[in-house]
Every structure is written in structure tokens, then in C-alpha cells.
Amino acid sequence: EVKLVESGGGLVQPGRSLKLSCAASGFSFNDYWMGWVRQAPGKGLEWIGEINQDSSTINYTPSLKDKFTISRDNAQNTLYLQMSKLGSEDTAIYYCARVDYWGQGVMVTVSS
Amino acid sequence: EIVLTQSPTTMAASPGEKVTLTCLASSSVNYMYWYQQKSSASPKLLIYYTSILASGVPDRFSGSGSGTSYSLTISSMEAEDAAIYYCLQLTSTPWTFGGGTKLELK
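Residues numbered from 1 in each chain as written. Chains lettered and ligands numbered in written order. Predicted model: local features only at pLDDT ≥ 70, side-chain atom pairs only at ≥ 80, totals over all residues. Heavy atoms only, no water.

Asker: Would you mind showing me how to read unusual backbone geometry here?
Answerer: A cis amide bond links B:Ser7 to the next residue, B:Pro8, at an omega of -5°. Take B:Pro8: it is sitting in the loop between β1 (4-7) and β2 (10-13). In this chain, B:Thr93 is followed by B:Pro94 through a cis amide linkage whose omega measures 0°. Tracing the sequence through the fold places B:Pro94 in the loop between β9 (83-89) and β10 (96-97). With a phi angle near 50°, A:Asn77 is a residue other than glycine that sits in the positive phi range. Relative to the helices and strands, A:Asn77 resides in the loop between β7 (68-73) and β8 (78-83). A relative accessible area of 30% places A:Asn77 in the partly exposed class. (Helix = DSSP H or I, 4+ residues; strand = E, 2+ residues; numbered from the N terminus. Buried < 20%, exposed > 50% of the residue type's maximum accessible area, 1.4 Å probe, protein only.)

Laid out in C-alpha cells, this is it:
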């Protein structure tokens, strides 16, 4: 069974950084592109970016590329999202996705 | 960046009614993915490569389209189909979602 489990969310102050993790299991992690998606409260889905199997290609939505960094550790079957200079507009549920399978999401709240 | 515009934004359908949701792309894309999201749950993949049903998806769902125009059709609305539906294009980076269509039960 494919499982994606996000962690690392919570309350963070404006201007601070936060790193999310996504633990993958039930499939050969290093065979797949992986991505991050977020959803602000009451809003639609926003694709953040994706990373290929060997991390040689990483793409971001232009508006987020200067503050978000996607990485992966194939030995640990884990996907990461490093977020910096966080603002209230970054408050959202963050999902790890394999496109066909999604995690349950983790809430990030940016507030003082 | 390819912009996807979904219509209608909101609609209501009666049980048994045929429903068609549309996703228009600002530039041509090779295929479309469709997702269903209920309440606060994670989105669920319904259709990939425009018309292929994901595993476990009822065959009342179907997808079609090409170029800049794609659609998701529910042949006979059921109560459990009330949800928000999103299209996603993966042809061109950055990948982008449509704004969603909220489908309610009448």
C-alpha cells in the first residue's frame, strides 16, 4: 500500500523558516517524481513544485521559487520542503504528492 | 505559465442527472488530470492522461478533450459525488491547477 506521511508542520512566526518531511512507503520511492502542493484555508490547490528521481531536475511555481526548496533522500525514502521567510500568506495545508497518491497533509500556520 | 479555467465555479445536480465540468487551458496541453476533494480530505485522483480512470473510480466518471479544452463527465449523479473537482496540467512547468468546480447535490 502506497503511503505518504507528512510531518513538521505547526505554528511558526512570520519571517521564520520551517522544514517539512514526507515519509514514503509501499512503493519504490526512487522511481518516481514527487511534488508538494498546498491549500490555503477555504481556497483551491496550488502546485508548489516537483523533483525528479535523482534530484537533477527541480521545478517550482515562479512565485514560490525564492522561498521554497524541494529535496529528497532516496536512501531514507523521504521528500522535503524547506520554507523560508514565511508570511501569513503561507498558512495552508501542505501535501506531499506522487501525482496519483497524496499524503494526508500537514497544517502550517504562520502567525505571531 | 499555463492558466486553467474551470467552469462552472459552482453547480448543483439532482441524483441521476448527467454532469459535465469543463477545464480550459490558456495554451495547448497534451493531457489533463482530474481530482476529487471531499470536505477536508486529501484530493483523490479520478482520471489521468485525459480519459483513463484511476483504480477504483466508478465508471460513471469519464474524461475527454484535447488541446485547450477538457471535460469531466459524471453520467449519473450520485450523492457521494458532491465534492470539489480540480483539473491539473503536467505538460508544461510550472504544473498548474484549475480553480476548482464545487458540485453540490440538489
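Asker: Explain the state of the cysteines to me, please; I cannot follow it from the model alone.
Answerer: Here, disulfide denotes a covalent bond that connects the sulfur atoms of two cysteines. For the structure shown, the criterion picks out two disulfides over all chains. Note on cysteine connectivity: A:Cys22 is disulfide-linked to A:Cys96, with sulfurs 2.0 Å apart. Looking down the S-S bond of the A:Cys22 and A:Cys96 bridge, the torsion is -65°, so its handedness is left-handed. Placement of the pair is A:Cys22 in strand β3 (residues 18-25) and A:Cys96 in strand β9 (residues 92-97), with a sequence separation of 74 residues. In this pair, the class of A:Cys22 matches that of A:Cys96, namely buried. Note that B:Cys23 is cross-linked by a disulfide to B:Cys87, the S-S spacing being 2.1 Å. Its torsion about the S-S bond being 75°, the disulfide of B:Cys23 and B:Cys87 is classed as right-handed. Of the two residues, B:Cys23 is situated in strand β3 (residues 19-25) and B:Cys87 in strand β9; the sequence distance between them amounts to 64 residues. (Disulfide = S-S within 2.5 Å.)

Asker: Help me understand the nonpolar core in this model?
Answerer: Counting 39 residues, the largest nonpolar core has B:Trp34, B:Tyr85 and B:Phe97 as the members making the most contacts within it. Secondary-structure elements contributing two or more residues to this core are β5 (45-51) and β9 of chain A together with β2, β3, β4 (33-37), β5 (44-48), β8 (69-74) and β9 of chain B. The element contributing the most residues to this core is β9(B), with five residues. For B:Phe97, the residues in contact, after removing those within four places along its chain, are A:Val37, A:Leu45, A:Glu46, A:Trp47, A:Trp102, B:Leu4, B:Tyr35, B:Tyr86, B:Cys87 and B:Leu88. Listed in part, the 27 residues of the second largest apolar core include A:Cys22, A:Ile48, A:Leu64 and A:Ile70. (Core = buried A, V, L, I, M, F, W, Y, C linked by side-chain atoms within 4.5 Å. Contact = heavy atoms within 4.5 Å.)

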